[in-house]
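Listed below are the residues making up each chain.
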Amino acid sequence: MTAWLSGLTDPQAQRRLGPLEWRVLEALWARSSAASVRDLQPAFPEIAYTTLMTTLDRLHRKNVLLRTKQGRAFFYQPRLSRPEFDSARAADALRIAFSADGSQLTPLLSFFVQAVGDKDDDLLDELEGLVRARRAEVDPKRP
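Residues numbered from 1 in each chain as written. Predicted model: local features only at pLDDT ≥ 70, side-chain atom pairs only at ≥ 80, totals over all residues. Heavy atoms only, no water.

1. Examining the overall build of the chain
We apply this condition: Helix numbering and strand numbering both begin at the N terminus, where a helix is a DSSP run of H or I of at least 4 residues and a strand a DSSP run of E of at least 2. In this scheme, a residue with accessible area under 20% of its type's maximum is buried, one over 50% is exposed, and one in between is partly exposed, where area comes from a 1.4 Å probe on protein chains only. Whether two residues are in contact is decided by their heavy atoms: any pair within 4.5 Å suffices. Only the protein chains shown count as covering a residue, and every accessible area follows the Shrake-Rupley method with a 1.4 Å probe.
When helices and strands are tallied, the chain shows eight helices and two strands. Secondary structure elements of the chain, listed N to C terminal, follow the sequence α-α-α-α-α-β-β-α-α-α. Relative to its 143 residues, the chain shows a buried fraction of 26%. Long-range contacts, defined as pairs at least 24 residues apart, comprise 48% of the intrachain contacts of the chain with a sequence gap of at least 6. By element, 56% of the accessible surface of the chain is carried by carbon and sulfur atoms, the whole surface being about 9,700 Å².

Structure follows, in structure tokens:
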């Protein structure tokens, strides 16, 4: 995992994302290109320009946003797409769960398998294939 991704998906950093930071991130994901504070201001009429600027800077320092300078303004865009960000957060949540006591994983795994099965039977088959492939990788003698 690259350094910026581990910083981005660090559970402590995730907990530190406040409601305004999430709103700003959502606004940036909704756009097709990088945005300056001035570009985003109409979506946040109740927020002072300087507060929005500080929020974008904080998200950049937390490695959530990329920042480029164009003229006198900074333009921001998310490092990851929304699906990539959600996937990274889910992966970290699973890593945390697996680092805990193994006896408590059965309910989590049962829920996961149930949720996958409820979503799509083909996805459940794909999950089964991934499990078989991983087992073959770990223990080639196992059928």
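After that view, the rundown keeps rolling.
2. With respect to the nonpolar core
Heads up, the condition is: In these notes, a set of buried Ala, Val, Leu, Ile, Met, Phe, Trp, Tyr and Cys residues joined through side-chain atoms within 4.5 Å is what counts as a nonpolar core.
One finds Val24, Leu28, Leu40, Phe44, Leu52, Leu56 and Leu65 to be the most contacted residues of the largest nonpolar core, which totals 21 residues. Among the secondary structure elements, those contributing two or more residues to this core are α3 (19–30), α4 (37–40), α5 (49–61) and α6 (82–99). In terms of residue count, the dominant contributor to this core is α3 (six residues). Apart from residues lying up to four places away in sequence, Val24 is in contact with Phe44, Leu52, Thr55, Leu56 and Leu59.

3. Here's the deal with the pairing of strand β2 (residues 73–78)
Keep this limit in mind: Criterion used throughout: strands pair if DSSP finds at least two bridges between them.
When strand β1 (residues 65–70) meets β2, the two strands line up antiparallel, connected through six bridges. Bridge pairing links Arg67 to Tyr76 in β2.

4. Topic: the confidence of the model for the chain
Defined as follows: Per-residue confidence from the predictor is reported as pLDDT, which spans 0 to 100.
On average, residues of the chain score 85 in pLDDT, and 88% of them reach the 70 mark or higher. Confidence drops under a pLDDT of 50 for residues 1–6, and excluding neighbours within four residues, the segment shows nine contacts in the predicted structure.

5. Concerning the side chain of Asp92
Where we set the bar: Distance and chemistry together define a polar contact, namely a pair of N or O atoms within 3.5 Å, with one atom able to donate a hydrogen and the other to accept it when in protein, and with adjacent residues in sequence counting only for side-chain atoms on both sides.
Position of Asp92 relative to the elements: it lies in helix α6. Of the polar contacts made by the side chain of Asp92, one reaches the side chain of Arg95; its length is 2.5 Å.

6. What to know about the packing of aromatic side chains
What counts here: Stacked, tilted and edge-to-face are the three classes assigned to paired rings of Phe, Tyr and Trp, where Trp is represented by its six-membered ring and a pair needs centres within 6.5 Å; plane angles under 30 degrees give stacked, over 60 edge-to-face, the rest tilted. Whether a charge lies above a ring is judged from NZ of Lys or CZ of Arg, which has to be within 6 Å of the ring centre and within 35 degrees of the ring normal.
Tallied over the entire structure, the rule returns three aromatic pairs. Directly above the ring of Phe74 sits Arg67, whose terminal nitrogen or CZ lies 4.1 Å from the centroid.

7. Observations concerning the side chain of Ser36
Residue position: Ser36 is located in the loop between α3 and α4. Residue contacts for Ser36: discarding those within four places in its chain leaves Phe74 and Phe75.

8. Some details on a negative patch on the surface
Here is the rule: Patch definition: residues above 30% relative accessible area lacking any salt bridge, with like charges linked at up to 9 Å and the nonpolar side chains Val, Leu, Ile, Met, Phe, Trp and Tyr linked at up to 5 Å. For this document, the term salt bridge refers to a Lys or Arg side-chain nitrogen within 4 Å of an Asp or Glu carboxyl oxygen. Counted as positive: Lys and Arg. Counted as negative: Asp and Glu. His and the chain ends are not counted at all. Here the site of a charge means NZ on Lys, CZ on Arg, CG on Asp, or CD on Glu.
Together, Asp120, Asp121, Asp122, Asp125 and Glu126 give the surface a local cluster of negative charge. Here Asp121 is to be found in helix α8 (residues 121–138). Taking the relative accessible area as the measure of exposure, Asp121 reaches 54% and is therefore exposed.

9. A short note on a nonpolar patch on the surface
Taken together, the side chains of Leu94, Phe98 and Leu109 present a nonpolar region at the surface, about 250 Å² in accessible area. Residue placement: Phe98 occurs in helix α6.

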